[in-house]
Amino acid sequence: MTRLSALENHAGYWLRYVSNHVSHAFAQKVEAQGVTVSEWVLLRQMFGTGAANPSQLAEAVGMTRGAVSKLVERLLQKKLAVRSFSEGDRRYQTIKLTAAGKRLVPVLARLADENDREFFGHLTPEERTGLVNLLQEIVRRHGWKDLPVD
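Being a predicted model, the structure only gives us computed values, none of them experimental.

### Considering the overall build of the protein
Turning to step 1, where the next piece is worked out: Counting secondary structure elements, the protein contains 6 helices and 2 strands.
Turning to step 2, where the next piece is worked out: In the protein, the order of α-helices and β-strands from amino to carboxyl end is α-α-α-α-β-β-α-α.
Turning to step 3, where the next piece is worked out: Taken over C-alpha atoms, the radius of gyration comes to 19 Å for the protein, far larger than the 15 Å a tight globule of 150 residues would show.
Turning to step 4, where the next piece is worked out: Counting across all 150 residues of the protein, residues that qualify as buried make up 27%.

So this is what it looks like as structure tokens:
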């Protein structure tokens, strides 16, 4: 008979276990503010870069242009972003945060910080840094570029 390893013997099992709980808690926090985690990622990117076109945003967050366009539409409907078109070419557009969007980003950033403290605050600074470094090394080794939004 073949011996099978237990689920609990896999690092991926524990990563998923922790990730599910951390991500779910954060999703609930941001959804209470009226946005999804994906919208938060795009809002945070826009806050840092200012006005940008959808292609630039898609590349920055590692999403398809179609996915970013859908998120942009939702942000426009929520009046968290505004779109402007080039006078010379109506196909060229830029998206930027509205005043309401700019006010919301620091609120959401505080929620992200609180979520981190809630789940990782018991770690020493050295342990937290070590954990982040290990995870970043896995990301680098695999060449992953897309941001986690789900």
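### Let's talk about the packing of aromatic side chains
Turning to step 1, where the next piece is worked out: The tally for this structure, following the rule as stated, stands at 4 aromatic pairs.
Turning to step 2, where the next piece is worked out: Measuring from centroid to centroid gives 5.6 Å for Trp-14 and Tyr-17, while their planes differ by 50°, and the two rings are tilted. Taken as a pair, Trp-14 and Tyr-17 lie in helix H1 (residues 11-31) at a separation of 3 residues, close to a single helical turn.
Turning to step 3, where the next piece is worked out: Plain terms: the ring middles of Phe-26 and Trp-40 are 6.4 Å apart, the flat faces sit at 70° to each other, and that makes the pair edge-to-face. Of this pair, Phe-26 sits in helix H1 while Trp-40 sits in helix H2 (residues 37-49), and the two are 14 residues apart along the sequence. Neither residue differs from the other here; Phe-26 and Trp-40 are each classed as buried.
Turning to step 4, where the next piece is worked out: Joined through ring pairs, the aromatic side chains of Tyr-13, Trp-14 and Tyr-17 make up one cluster.

### Brief notes about the side chain of Asn-53
Turning to step 1, where the next piece is worked out: Considering the arrangement of structural elements, one finds Asn-53 in the loop between H2 and helix H3 (54-61).
Turning to step 2, where the next piece is worked out: Only 3.4 Å separates the side chain of Asn-53 from the side chain of Tyr-92, close enough to count as a polar contact.
Turning to step 3, where the next piece is worked out: Excluding its chain neighbours within four sequence positions, the residues that come into contact with Asn-53 are Tyr-92, Gln-93 and Thr-94.

### Details of the nonpolar core
Turning to step 1, where the next piece is worked out: One finds Leu-42, Leu-43, Met-46, Leu-57, Val-68 and Leu-108 to be the most contacted residues of the largest nonpolar core, which totals 28 residues.
Turning to step 2, where the next piece is worked out: At the level of elements, H1, H2, H3, helix H4 (65-77), strand E2 (93-97) and helix H5 (99-120) are the ones that each hand at least two residues to this core.
Turning to step 3, where the next piece is worked out: Residue contributions to this core peak at 6 residues, all from H2.
Turning to step 4, where the next piece is worked out: If we ignore the near neighbours within four places in the chain, the residues touching Val-68 are Leu-42, Pro-54, Leu-57, Ala-58, Val-61 and Met-63.

### Description of helix H6 (residues 125-142)
Turning to step 1, where the next piece is worked out: Here H6 is 18 residues long and its end C-alpha atoms lie 26 Å apart, about the 26 Å a rise of 1.5 Å per residue gives.
Turning to step 2, where the next piece is worked out: Positive backbone phi, at 70°, marks Gly-143, one or two positions downstream of H6.

### Structural notes on the confidence of the model for the protein
Turning to step 1, where the next piece is worked out: On average, residues of the protein score 92 in pLDDT, and 96% of them are at 70 or above.
Turning to step 2, where the next piece is worked out: H5 holds the highest mean pLDDT among the elements of the protein, 97, whereas H3 holds the lowest, 90.

Conventions and cut-offs
Residues numbered from 1 in each chain as written. Predicted model: local features only at pLDDT ≥ 70, side-chain atom pairs only at ≥ 80, totals over all residues. Heavy atoms only, no water. Helix = DSSP H or I, 4+ residues; strand = E, 2+ residues; numbered from the N terminus. Rg over C-alpha atoms; globule rule 2.2 N^0.38 Å. Buried < 20%, exposed > 50% of the residue type's maximum accessible area, 1.4 Å probe, protein only. Phe/Tyr/Trp six-rings, centres within 6.5 Å; stacked < 30°, edge-to-face > 60°. Polar contact = N/O pair within 3.5 Å; in protein donor to acceptor, adjacent residues only side chain to side chain. Contact = heavy atoms within 4.5 Å. Core = buried A, V, L, I, M, F, W, Y, C linked by side-chain atoms within 4.5 Å. Expected span 1.5 Å × (residues − 1). pLDDT = per-residue confidence, 0-100.

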